Amino acid sequence: VYEYFPSKEEMVYEAIGIWIAHWEQNIEQGLAPDKAADERLRQYCQHTMLGFIVDEQNFKLQLNVIQFYLKDPETRRRFAVVRDLFRQKRKVLIAILRDGVATGLFSEETTAEAEQIAGNILAYLDGAGMHYMLDPHHFDVFGQIQAYLDKLLRTIRKKPKGLGM
């Protein structure tokens with residue numbers, strides 16, 4: 001193994017990257033390209049959460065990754081796990097947001113804030129998934145995601161002009 005990887009950490013990092021890329025590819029394939037950006041954003045979030053719910057191993061693997069990197073501060077410094085491994089997830093969300101701006105659905109400000117919005121969505125989904133896994137019978141994860149996205153979309157939608165207000 002060490003012929004290919006200089007350390008256990010390098011090997012784990014590479015394996016996690018492959019797992020995330022595969023999961024992300026499945027989510028991207030589930031997005032309907034003919035749908036508006038707001039609907040694709042909802043689809044993305046629902047498909048991501050289904051990955052936690054349908055296969056509990058995905059959630060357990062994510063927890064193991066977190067534990068692996070939290071136990072050693074030096075390992076955390078050497079690997080930018082969230083930045084590097086979630087890069088594709090952020091790219092997909094940013095593309096959806098920018099498409100919403102290009103089609104006139106989302107406000108122009110959304111372009112400048114797309115990176116931050118994408119990061120917030122990913123963090124929210126991680127937290128919602130954790131709450132669900134801890135107590136699935138008392139946490140309506142899809143209802144929570146719906147409410148979160150409703151509020152987000154109200155914030156970023158392009159406001160109609162000339163309503164005489």
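Placed above this text is the structure.
Every value quoted in this text rests on a predicted model; they were computed, and no experiment measured them.

Describing the overall build of the chain
Next, step 1: Within the chain, the secondary structure is distributed over 8 helices and 0 strands.
Next, step 2: The N-to-C order of helical and strand elements in the chain reads α-α-α-α-α-α-α-α.
Next, step 3: Along the longest, intermediate and shortest principal axes, the C-alpha atoms of the chain span 70 × 35 × 30 Å.
Next, step 4: Within the chain, buried positions represent 39% of all 165 residues.
Next, step 5: Put simply, of all contacts in the chain between residues at least 6 apart along the chain, 70% involve residues at least 24 apart.

Some remarks on the packing of helix α1 (residues 8–29) against helix α3 (residues 56–70)
Next, step 1: Viewed as axis vectors pointing N to C, α1 and α3 meet at an angle of 150°, and their least axial separation amounts to 12 Å. Judged on the interaxial angle alone, α3 and α1 are roughly antiparallel. In this structure, the crossing between α1 and α3 has a hand that is left-handed. Judged by residue contacts, Lys8, Glu9, Val12, Tyr13, Ile16, Trp19 and Trp23 of α1 engage Asn58, Leu61, Gln62, Val65, Phe68 and Tyr69 from α3.

Let's talk about the packing of helix α2 (residues 37–54) against helix α6 (residues 87–102)
Next, step 1: Close contact between α2 and α6 brings their axes to 8 Å; oriented N to C, the two are set at 160°. In terms of orientation, α2 lies roughly antiparallel with respect to α6. Judged by residue contacts, Ala37, Arg40, Leu41 and Tyr44 of α2 engage Lys89, Val92, Leu93, Ile96, Leu97, Asp99 and Gly100 from α6.
Next, step 2: Taken together, the residues of the contact of α2 with α6 break down into 7 nonpolar, 1 polar and 3 charged.

Remarks on the pattern of salt bridges
When the charged atoms of two side chains lie near each other, side chains of opposite charge can form a pair.
Next, step 1: According to the stated counting rule, one finds 4 salt bridges in the structure shown.
Next, step 2: Close ionic contact of arginine 42 with aspartate 150 constitutes a salt bridge, the shortest N to O distance being 2.6 Å. Here the residue arginine 42 occupies a position in helix α2, and aspartate 150 occupies one in helix α8 (residues 141–156), the gap between them amounting to 108 residues.
Next, step 3: The exposure class of arginine 42 is buried, given its relative accessible area of 14%.
Next, step 4: The exposure class assigned to aspartate 150 is partly exposed, which follows from its relative accessible area of 26%.
Next, step 5: Here arginine 90 ties to glutamate 115 by a salt bridge, and the two come within 3.1 Å at their closest N and O atoms. Taken together, the residues span a long stretch of sequence, with arginine 90 in helix α6 and glutamate 115 in helix α7 (residues 109–134) at a distance of 25 residues.
Next, step 6: Exposure remark for arginine 90: the relative accessible area of 13% places this residue in the buried category.

Remarks on a nonpolar patch on the surface
Next, step 1: Together, Leu63, Ile66, Leu70, Met130 and Leu134 make up an exposed nonpolar region whose accessible area comes to about 460 Å².
Next, step 2: For the nonpolar patch, the elements supplying multiple residues, two or more each, are α3 and α7.
Next, step 3: Among the elements that make up the nonpolar patch, the one with the highest residue count is α3 (3 residues).
Next, step 4: Along the chain, isoleucine 66 falls in helix α3.
Next, step 5: Given the relative accessible area of 35%, isoleucine 66 is considered partly exposed.

Remarks on the packing of aromatic side chains
Next, step 1: Under the counting rule described, the total for this entry stands at 1 aromatic pair.
Next, step 2: Measuring from centroid to centroid gives 4.1 Å for tyrosine 124 and tyrosine 148, while their planes differ by 5°, and the two rings are stacked. With tyrosine 124 in helix α7 and tyrosine 148 in helix α8, the pair connects residues that are 24 residues apart, well separated along the chain.
Next, step 3: Residue tyrosine 124 is classed as partly exposed on the basis of its relative accessible area of 23%.

Conventions used here
Residues numbered from 1 in each chain as written. Predicted model: local features only at pLDDT ≥ 70, side-chain atom pairs only at ≥ 80, totals over all residues. Heavy atoms only, no water. Helix = DSSP H or I, 4+ residues; strand = E, 2+ residues; numbered from the N terminus. Buried < 20%, exposed > 50% of the residue type's maximum accessible area, 1.4 Å probe, protein only. Contact = heavy atoms within 4.5 Å. Axes fitted to C-alpha atoms, helices over the stretch in contact; angles between N-to-C directions. Parallel < 35°, antiparallel > 145°, perpendicular 65-115°, else oblique. Left-handed = near helix turned anticlockwise from the far one by under 90°. Nonpolar A, V, L, I, M, F, W, Y, C, P; charged D, E, K, R; others polar. Salt bridge = Lys/Arg side-chain N within 4 Å of Asp/Glu carboxyl O. Patch = residues over 30% accessible without salt bridge, like charges linked within 9 Å, V, L, I, M, F, W, Y side chains within 5 Å. Areas by Shrake-Rupley, 256 points an atom, 1.4 Å probe, with all protein chains shown as cover. Phe/Tyr/Trp six-rings, centres within 6.5 Å; stacked < 30°, edge-to-face > 60°.

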